[in-house]
Amino acid sequence: MFGSPRRMYVSESPIGGGTGFLTDEQERARTGSNLEGLGRAMLGALLRGLLDRGVEPVLGNAAAELITEGGAVTGVRFANGDAVRTRRGVILATGGFERDPELTTAFLRGPMSHPAGVPSNTGDGLRMAMRVGAKLGVMREAWWVPVVAEPGDPARQYALNGVQLVQRERSLPRTIMVNIRGQRFTNEAANYNALGGAFHAFDPTRFRHVNQPCWIVFDQHFVDLYGGYGVAAGGEMPDWILRADSVRELGARLDLPPEELDATLARWNTLVDQGHDDDFRRGDSAFDGWCGDRTHYPDRRSTLGRIDRAPFYAAPVYSSTLGTKGGPQTTVDCEVLDVDGSVIPGLWAVGNAMAAPTGMVYGGAGGTLGPALVFGFRGGRSAAAAPARE
Ligand SMILES: Cc1cc2nc3c(=O)[nH]c(=O)nc-3n(C[C@H](O)[C@H](O)[C@H](O)COP(=O)(O)OP(=O)(O)OC[C@H]3O[C@@H](n4cnc5c(N)ncnc54)[C@H](O)[C@@H]3O)c2cc1C
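Residues numbered from 1 in each chain as written. Predicted model: local features only at pLDDT ≥ 70, side-chain atom pairs only at ≥ 80, totals over all residues. Heavy atoms only, no water.

Draft legend 1. Local environment of the nonpolar core. Formed by 23 residues in total, the largest nonpolar core has its most connected members in Val 148, Met 177, Phe 218, Tyr 229, Met 237, Ile 241 and Val 317. Among the secondary structure elements, those contributing two or more residues to this core are helix H6 (192-199), strand S11 (214-219), helix H7 (220-226) and strand S13 (312-324). Beyond its immediate stretch of four places on either side in the chain, Val 148 contacts Gly 162, Val 163, Gln 164, Val 166, Tyr 229, Trp 240, Ala 315, Pro 316 and Val 317. Counting residues in hydrophobic clusters, the runner-up holds 20 residues, among them Val 90, Met 128, Leu 347 and Phe 375. (Core = buried A, V, L, I, M, F, W, Y, C linked by side-chain atoms within 4.5 Å. Buried < 20%, exposed > 50% of the residue type's maximum accessible area, 1.4 Å probe, protein only. Helix = DSSP H or I, 4+ residues; strand = E, 2+ residues; numbered from the N terminus. Contact = heavy atoms within 4.5 Å.)

In structure tokens, the structure reads:
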């Protein structure tokens, strides 16, 4: 299975209020009994459901083309030339198109440089659906998420696919994000999907996206209290995170106006002292502090904290996506519609391969997997109930 095991419950992960670290003893015990958590645990249960019903997935053979007869989808051809005829049709479950730069440039509404989905999500299902005349929807949207990326060869990096989501690191106190002008530009602790909008802001005068690239900035007290970026509290930050003895030096090394960065941090510290972020209202929403310092939750101090203890640190933050949202439009049972709005017989699409039922919105924790499971179930049920061909 793709990825590396995370042998923890959601409640033990930072997003569930835990530390994200297991004791050596826990790690050993869970490894010994092959206990997995998070996404791989969910996939394990789904796989078990298949195996219990005698269905054995075939791996390593990419679907390439739909076979049609008389306007109905009747099978699929694979990249190696093999083909299967199906009795009821085909369900597209090939994920999004976040790994195809041509498709992301053509369709997404703003910059997206470091996709977090699996490398094989190259929009094959989208192309297959387009070739049989599907009506597309939600093509501009994605499950936006900010990430940091360790420079260098992605295969050698510690985080998934070379990128690491920054959720806790930007919600905790004592950290902010700044743009190329050295200024804050958003509520850093906002939900990651909505935050995508801040990365897409465009300056018509300079003719560029003003908040990409941007940097997350934090101080030594942050490191001592919380760690982050794969390092436990009090640990040594990795080499690829820039560090400087003063804010001005940090600004100079990032090629930002040093006096502007200085003023930004001074303003931030004033806002923290007064207990309210007048500029971007960070901490006003209960969401903001949830991934912050839970010892202060629900007080704003769970996400507001001064940045004043040298050395100071910075890492580039990129606009990324957990997966794209666009694809063929469907009925509520995931049957794919053609450009005129009629059902294409024998074709269903589910998960990130379908036009997302949530549009541009993210509904909260499980906001992507929840709908994927619900509509996967509906699509499967609809396909199973379709009349079988000889
Ligand atoms: C790091 C990360 C963390 C996430 N955390 C959460 C979370 O906490 N909660 C949440 O709700 N969501 C989360 N998500 C999002 C969630 O994982 C995805 O939205 C979800 O997996 C989409 O499901 P899917 O089955 O549609 O596509 P995917 O899970 O992307 O699977 C698509 C599959 O299709 C395969 N494929 C592609 N092309 C072909 C082809 N031509 N032939 C055959 N197979 C093909 C791919 O290899 C892939 O295995 C996270 C995503 C990432 C990347």
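The discussion continues.
Draft legend 2. Region of the structure containing the pairing of strand S1 (residues 63-69). In the sheet, S1 pairs with strand S2 (residues 72-78) via 6 bridges, with the strands oriented antiparallel. What sits directly across from Leu 66, in S2, is Val 76. The antiparallel pairing of S1 with S2 creates a hairpin that spans 2 residues between the two strands, and Gly 70 there sits at a positive phi of about 55°. (Pairing = 2+ DSSP bridges.)

Draft legend 3. Region of the structure containing unusual backbone geometry. For the bond from Gln 212 to Pro 213, the omega torsion is 0°, close enough to zero to count as cis. The step from Ala 310 to Pro 311 runs through a cis peptide bond, and the omega angle for that step is -5°. Mapped onto the secondary structure, Pro 311 falls in the loop between helix H10 (286-290) and S13. A positive phi is found at Arg 174, a non-glycine position, where the angle reads about 70°. Positionally, Arg 174 belongs in the loop between helix H5 (168-171) and strand S8 (175-178).

Draft legend 4. Region of interest: the packing of helix H8 (residues 247-254) against helix H9 (residues 258-274). At a minimum axis separation of 8 Å, H8 and H9 run at an interaxial angle of 130°. Considered as vectors, H8 and H9 are oriented oblique to each other. Like other packed secondary-structure pairs, H8 and H9 cross with a definite hand, here right-handed. For the pair H8 and H9, contact is made by Val 247, Arg 248, Leu 250, Gly 251 and Ala 252 and by Pro 258, Glu 259, Leu 261, Asp 262 and Leu 265, respectively. (Axes fitted to C-alpha atoms, helices over the stretch in contact; angles between N-to-C directions. Parallel < 35°, antiparallel > 145°, perpendicular 65-115°, else oblique. Left-handed = near helix turned anticlockwise from the far one by under 90°.)

Draft legend 5. Summary view of the site of the ligand. Taken together, 19 residues form the shell around the ligand, and within it Ser 120, Asn 121, Asp 124, Asn 352 and Thr 368 come nearest. Contacts to the ligand include Asn 121, whose side-chain N or O atom sits 2.8 Å from an oxygen atom. Within the backbone of Leu 369, one N or O atom sits 2.8 Å away from an oxygen atom of the ligand. Its free accessible area being 1000 Å², the ligand has 67% of it covered by the protein chains. Split by residue class, the shell around the ligand holds 9 nonpolar, 9 polar and 1 charged. (Near = heavy atom within 4 Å. Polar contact = N/O pair within 3.5 Å; in protein donor to acceptor, adjacent residues only side chain to side chain. Areas by Shrake-Rupley, 256 points an atom, 1.4 Å probe, with all protein chains shown as cover. Nonpolar A, V, L, I, M, F, W, Y, C, P; charged D, E, K, R; others polar.)

Draft legend 6. Representation of the environment of Leu 369. Structurally, Leu 369 is set in helix H11 (residues 369-385). Along the backbone, Leu 369 and Gly 39 are 330 residues apart, and their C-alpha atoms lie at a distance of 9.4 Å.

Draft legend 7. Structural view of the pattern of salt bridges. One pass over the full model with this rule turns up 26 salt bridges. The shortest N-O distance in the salt bridge between Arg 174 and Asp 219 comes to 2.8 Å. Of this pair, Arg 174 sits in the loop between H5 and S8 while Asp 219 sits in strand S11; the two residues are 45 residues apart in sequence, bridging distant segments of the chain. Each member of the pair, Arg 174 as well as Asp 219, carries the same accessibility label: buried. The salt bridge partner of Glu 236 is Arg 243, with a shortest N-O separation of 3.3 Å. (Salt bridge = Lys/Arg side-chain N within 4 Å of Asp/Glu carboxyl O.)

Draft legend 8. Fine view of the environment of Arg 181. In this fold, Arg 181 is placed in the loop between S8 and H6. Along the sequence, Arg 181 and Asp 255 sit 74 residues apart, while their C-alpha atoms lie 9.4 Å from each other. Ignoring sequence-local partners within four residues, the contact set of Arg 181 consists of Asp 203, Arg 206, Val 210, Pro 257 and Glu 260. A polar contact of 3.2 Å, which involves the side chain of Arg 181, links it to the side chain of Asp 203.

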